[in-house]
Amino acid sequence: MGRPATKPAELRDGYYIEIRNRNSNSGVKIRRDNIDQMHRAAKEYERSKEVIILGKYENGKLVKNQ
């Protein structure tokens, strides 16, 4: 077994949502290329999971104005 990573992973450019099990503290971030695909994925997962829309990321940082 190797040593765990010490620095957080860089996020690629795109639109992100976070998918969690209900009443859970941790989740999985999912990236989509455009805003329409992001909303479509969020709608698909919201039936069984808790969905948090994070927004657009560029150069590993959240873009305020979309």
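Fair warning: this is a prediction, and the values are worked out from it, not measured in the lab.

Chemist: Please explain the nonpolar core as it appears in this structure.
Modeler: Considering soluble globular proteins, one finds that nonpolar side chains tend to be buried as a cluster. Residues Tyr15, Ile17, Ile19, Ile30, Met38, Ala41 and Ala42 constitute the largest nonpolar core, which totals seven residues. Residue assignment for this core shows that the elements contributing at least two residues are β1 (14-20) and α1 (35-45). Apart from residues no more than four positions distant in its own chain, Met38 is found in contact with Tyr15, Tyr16, Ile17, Arg32 and Ile53.

Chemist: Explanation requested: α1 in the structure shown.
Modeler: Side chains that are three or four residues apart share a direction in an α-helix, a result of its 3.6 residues per turn. Listed as buried for α1 are Met38, Ala41 and Ala42. Seen from one end, α1 has its buried residues packed into an arc of 100°, which puts them on one side. Looking at α1, the residues exposed on the side facing more than 90 degrees away from the buried face are Asp36, Arg40 and Lys43. The elements touched by buried residues of α1 are β1, β2 (28-32) and β3 (50-58). The N-cap of α1, judged by a side-chain oxygen 3.2 Å from the amide nitrogen of Asp36 a few residues on, is Asn34.

Chemist: Looking at this structure, how should I read unusual backbone geometry?
Modeler: When glycine is set aside, most residues are seen to have a negative phi, and most peptide bonds are trans. Phi at Asn23 takes a positive value of approximately 65°, unusual for a residue other than glycine. Along the chain, Asn23 falls in the loop between β1 and β2.

Chemist: How should the confidence of the model for the chain be read in this particular structure?
Modeler: If pLDDT is low for a region, its predicted coordinates should not be looked at in detail. For the chain, the average pLDDT comes to 91, and 97% of its residues sit at 70 or higher. Confidence, expressed as mean pLDDT per element, reaches its minimum in the chain at strand β4 (residues 61-62) with 91 and its maximum at β1 with 96.

Chemist: Would you mind showing me how to read the sheet that holds β2 here?
Modeler: Across a sheet, paired strands are connected by hydrogen bonds in the backbone, their directions being either parallel or antiparallel. Pairing in this open sheet of four strands is antiparallel, and the strands run β2-β1-β3-β4 from one edge to the other. Here the strands that pair on one side only, and so sit at the sheet edges, are β2 and β4. Those strands touched by α1 are β1, β2 and β3, and its axis lies near 10° from that of β1.

Chemist: What should I look at first to understand the packing of aromatic side chains in this one?
Modeler: Any pair of aromatic rings gets described here by the distance separating the centres and the angle formed by the planes. Applying the stated criterion across every chain yields a total of one aromatic pair. Measuring from ring centre to ring centre gives 5.3 Å for Tyr16 and Tyr57, while their planes differ by 80°; the resulting arrangement is edge-to-face. Of this pair, Tyr16 sits in strand β1 while Tyr57 is found in strand β3, placing the two residues 41 residues apart along the sequence. Among the residues examined, Tyr16 registers a relative accessible area of 6% and is labelled buried.

Scoring rules and cut-offs
- Residues numbered from 1 in each chain as written.
- Predicted model: local features only at pLDDT ≥ 70, side-chain atom pairs only at ≥ 80, totals over all residues.
- Heavy atoms only, no water.
- Core = buried A, V, L, I, M, F, W, Y, C linked by side-chain atoms within 4.5 Å.
- Buried < 20%, exposed > 50% of the residue type's maximum accessible area, 1.4 Å probe, protein only.
- Helix = DSSP H or I, 4+ residues; strand = E, 2+ residues; numbered from the N terminus.
- Contact = heavy atoms within 4.5 Å.
- Arc of directions from axis to C-beta.
- Polar contact = N/O pair within 3.5 Å; in protein donor to acceptor, adjacent residues only side chain to side chain.
- pLDDT = per-residue confidence, 0-100.
- Pairing = 2+ DSSP bridges.
- Axes fitted to C-alpha atoms, helices over the stretch in contact; angles between N-to-C directions.
- Phe/Tyr/Trp six-rings, centres within 6.5 Å; stacked < 30°, edge-to-face > 60°.

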